[in-house]
Amino acid sequence: MRIYILQMNSDSNLTIQVVAGAGTGKTELSSFDSALNNLGVANYNLIPLSSIIPPQSKVVKVDRYQTPESEFGHRLYCVKAEMRSAIPGQFVGAIIGWYQYHDNRGLFVEHETVGSSKSEVENSLIELVQNSLNDLCDFRNI
């Protein structure tokens, strides 16, 4: 699962942290929670957003989100892609891609898929992201 965490900096510019991970469990729900735990966001109430990046935003990749213990149960705004499966050995994937303009505003796209091999899933996801970003930019005359 990939998730984008949105945080407001003191200068009112937005920092968007990108974290990615996976999880396993006895059920699809516990696998999802395992992935959230691995990302560092299991104790938040996730509030999904649409995929618009505000101007002057900074997107940074991090290995794990650092959750302050005092924020247990707080809201966390995010853009996320997730794919769950209960079929052993099934190849599943989720991806988020983004494009940012010169002023750092931009667009996220999220996709999920299932395939017969890891490479099939990866190739499909990359193609989906590229096609979506191309379309979304075309729709905006970019």
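Thresholds, definitions, all that
Residues numbered from 1 in each chain as written. Predicted model: local features only at pLDDT ≥ 70, side-chain atom pairs only at ≥ 80, totals over all residues. Heavy atoms only, no water. Pairing = 2+ DSSP bridges. Helix = DSSP H or I, 4+ residues; strand = E, 2+ residues; numbered from the N terminus. Contact = heavy atoms within 4.5 Å. Axes fitted to C-alpha atoms, helices over the stretch in contact; angles between N-to-C directions. Expected span 1.5 Å × (residues − 1). Buried < 20%, exposed > 50% of the residue type's maximum accessible area, 1.4 Å probe, protein only. Arc of directions from axis to C-beta. Patch = residues over 30% accessible without salt bridge, like charges linked within 9 Å, V, L, I, M, F, W, Y side chains within 5 Å. Areas by Shrake-Rupley, 256 points an atom, 1.4 Å probe, with all protein chains shown as cover. Salt bridge = Lys/Arg side-chain N within 4 Å of Asp/Glu carboxyl O. Phe/Tyr/Trp six-rings, centres within 6.5 Å; stacked < 30°, edge-to-face > 60°. Lys NZ or Arg CZ within 6 Å of the ring centre and 35° of its normal.

1. Quick word on the sheet that holds strand β4 (residues 52-53)
Link 1 in the chain: Spatial strand order, β4-β8-β7: three strands in an open sheet with antiparallel pairing. Whereas interior strands pair on both sides, the edge strands pair on one side only; in this sheet they are β4 and β7 (91-100).
Link 2 in the chain: Here β4 runs beside strand β8 (residues 106-115); their pairing, made up of two bridges, is antiparallel. In the sheet register, Ile52 faces β8, and the bridge partner there is Leu107.
Link 3 in the chain: Contacts from helix α2 (residues 118-139) reach β7 and β8, with the element oriented near 150 degrees to β8.

2. Regarding α2
Link 1 in the chain: Compared with the 32 Å implied by 1.5 Å per residue over 22 residues, the 32 Å span of α2 between its first and last C-alpha is a close match.
Link 2 in the chain: All of the buried residues along α2 are Val121, Leu125, Val129, Ser132, Leu133 and Cys137. The arc that holds the buried residues of α2, viewed along the axis, is 125 degrees, so those residues lie on one side. Across from the buried face of α2, at angles greater than 90 degrees, the exposed residues are Asn123 and Asp138.
Link 3 in the chain: On the buried face of α2, the contacting elements are β7 and β8.

3. Thoughts on a nonpolar patch on the surface
Link 1 in the chain: A surface patch of nonpolar side chains, about 200 Å² in accessible area, is lined by Met83, Val92 and Val114.
Link 2 in the chain: Along the chain, Val92 turns up in strand β7.

4. Regarding the packing of aromatic side chains
Aromatic rings considered in pairs are described by the distance between their centres and by the relative angle of their planes.
Link 1 in the chain: Tallied over the entire structure, the rule returns three aromatic pairs.
Link 2 in the chain: Ring centres of Tyr44 and Tyr65 lie 6.0 Å apart, and the angle between their planes is 65 degrees; this geometry places the pair in the edge-to-face category. Separated by 21 residues along the polypeptide, Tyr44 in the loop between α1 (28-39) and β3 (45-48) and Tyr65 in the loop between β5 (58-61) and β6 (75-81) bring together distant segments of the chain.
Link 3 in the chain: Residue class for Tyr44 comes out buried when judged on its relative accessible area of 7%.
Link 4 in the chain: In this arrangement the basic side chain of Arg84 is found over the ring face of Phe32, its NZ or CZ atom lying 4.1 Å from the centre.

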